Structure formats: structure tokens, C-alpha cells
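Coordinate analysis (summary)
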Amino acid sequence: MTSALSIDGLSVARGGRTVLFDLSMRLESGRIVALLGPNGAGKSSLVLALAGLLPIASGTIHLDGGAIGGLPPDRIRRAGIAAVPEGHRVLTRLSVRDNIRVAAPKADGGFERATAIFPELSALAERPADTLSGGQQQMLALAQALVCRPKFLLADEMSLGLAPVIVRRLMGVVETAARGGVGVLLIEQFTHLALEIADHAYVINRGRIRFSGEPAELKANPRLLEEAYLSLSA
């Protein structure tokens, strides 16, 4: 059965100013949607709003027809949306094993599932998360999201500050998750990597969608991407 995450007319304020304006998007299970745009365009604010971490000023968010906009983060996560916010966010004082346990407290075999996704974590099980490299922390953060078996994964700038070999590893896991039926919203600074694996692409700037279409359009005509990035209209 196909799941759908529908965002309609969404506006979000942050720090006293509106950062998303009347935004509409659709994600479906098994498909990767790339969300591209310059710094400050509103990408991270969208992830936080979808995850219940930022209040919604107006508009609706529906998961499989049920309204989830404005629900608390724990209920949104239980409904099937897992976010990997920007910045390798893990519980630094806990061990790798306990990070997974906290992420999926009711899941049997959660750590085994995590190490099936990232075998590298097995040897790090008892290490405090703050002793891991940035790449290892990002693997852990992504594993935390995926062991919950989400319907949708929101991945925000996973490649930030990481070596290319780690970035490719993370992208491979995202592709595998999508092939397994997970819908993915992928925010990525390396646009060529996102466009390689995406099924659909949006470009956002100044809180508004400037482009929606096939990744092939942006790859074939880089000027479309450039114009969307440079758009200054309110």
C-alpha cells in the first residue's frame, strides 16, 4: 500500500518572522524527493515543522489522509515520520547501543537492525557517542531513524562536513531505504548527489517553492537551478 505525506499551503514562522510561505509538496512511499536551495531558504525549518518541532502558522500536513500538523514530536514519530536534523544530532553521553535503545525503546532487536544497516557500529557499541567521528555520529543518527521502521525519512544535510566516501555510504543507505518502501525527503548541499538518486526535485528560496519537476530537467538545464537559487522575489 502506498503511503503519502501531503503538505498544503504551509506557512511557518520562526523567531518572529515568517520563513515558509504557502508551501505545498507531496511525498510518496518508496520515492526520494530532493529539496534544494541556498542557505536560509527554509529547508531546515520545513523539516522541523514536519517533525513537530516548529509550530505551524497556517496550512495542513496529512499522513495517509490523517491530519498530523501541530501534533507533538513523539506522536508524529509514532505515526511514521523520522527526522535526521542537520548537525549529527545524537545523545553524546550515551553509548552507541543506548542511543539506539532510546530511539526505538519498544523494538526488539533494534541494535541488530542498526548494525545490519551500518555494520561499522557493531564494534562501537559501548563507546560514548561523543567519542565518535562526525561520520560515525551521522551513521548513528541515520540508524536511529531507520530502526523505527518509518514510513517517511526526513534527512537534512547529512553530508555536512563529511568526507566524500562517508557521504556516498550514507546516500547508499538512503537509496536502500527507499527501495524498501520508505519515502524520503532529502536535503543536500551537494546538489549533484541528490539529483542522482532523487525521483522528484523541488527548489526552495526565501521560503517559497521556485521549481518542482524531474531531476533530469535540472541536470540538463543548470540555469533553471541557478535562477531558482538566485530568485529575489518575495
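Residue numbering note: each chain is counted from 1, following its sequence as written. At least 70 in pLDDT is required for a residue's local features to be given in this predicted model, at least 80 for side-chain atom pairs to be given and counted, and no such filter applies to totals for whole chains, interfaces and linings, which use all residues. To obtain the side-chain values, all non-hydrogen atoms of the structure were used and water was disregarded.

Residue D64 is not a glycine yet carries a positive backbone phi of 50°. By the criteria applied, helices consist of DSSP H or I runs no shorter than four residues and strands consist of E runs no shorter than two, each listed in order from the N terminus. Turning to its location among the elements, D64 is positioned in the loop between β4 (58–63) and β5 (66–67). The class of D64 is partly exposed, set by a relative accessible area of 36%. One non-glycine residue, R149, lies in the positive phi region at around 50°. Along the chain, the position of R149 falls in the loop between α5 (134–146) and β7 (152–156). Exposure classes here rest on a 1.4 Å probe applied to the protein chains alone. A residue is buried below 20% of its type maximum, exposed above 50%, and partly exposed in between. Note on R149: relative accessible area 61%, which makes it exposed.

In this section: the sheet that holds strand β2 (residues 17–28). A sheet is described by the order of its strands in space; here four strands give the open sequence β2-β1-β4-β5, paired in antiparallel fashion. Each having just a single partner strand, β2 and β5 make up the two edges of the open sheet. When DSSP finds at least two bridges between two strands, those strands are taken to pair. Of the strand pairs in this sheet, β4 and β5 are connected by two bridges, and their pairing is antiparallel. Among the inter-strand pairings, L63 is bridged to a residue of β5, identified as G66. Contacts between helix α1 (residues 43–50) and the sheet are confined to β1 (4–14), β2 and β4, with β1 contributing the most and set at about 115° to the helix. We call two residues in contact whenever any of their non-hydrogen atoms come within 4.5 Å of each other. To get an axis, fit a line to the C-alpha atoms, keeping to the stretch in contact for a helix; angles then go from 0 to 180 degrees between the N-to-C directions.

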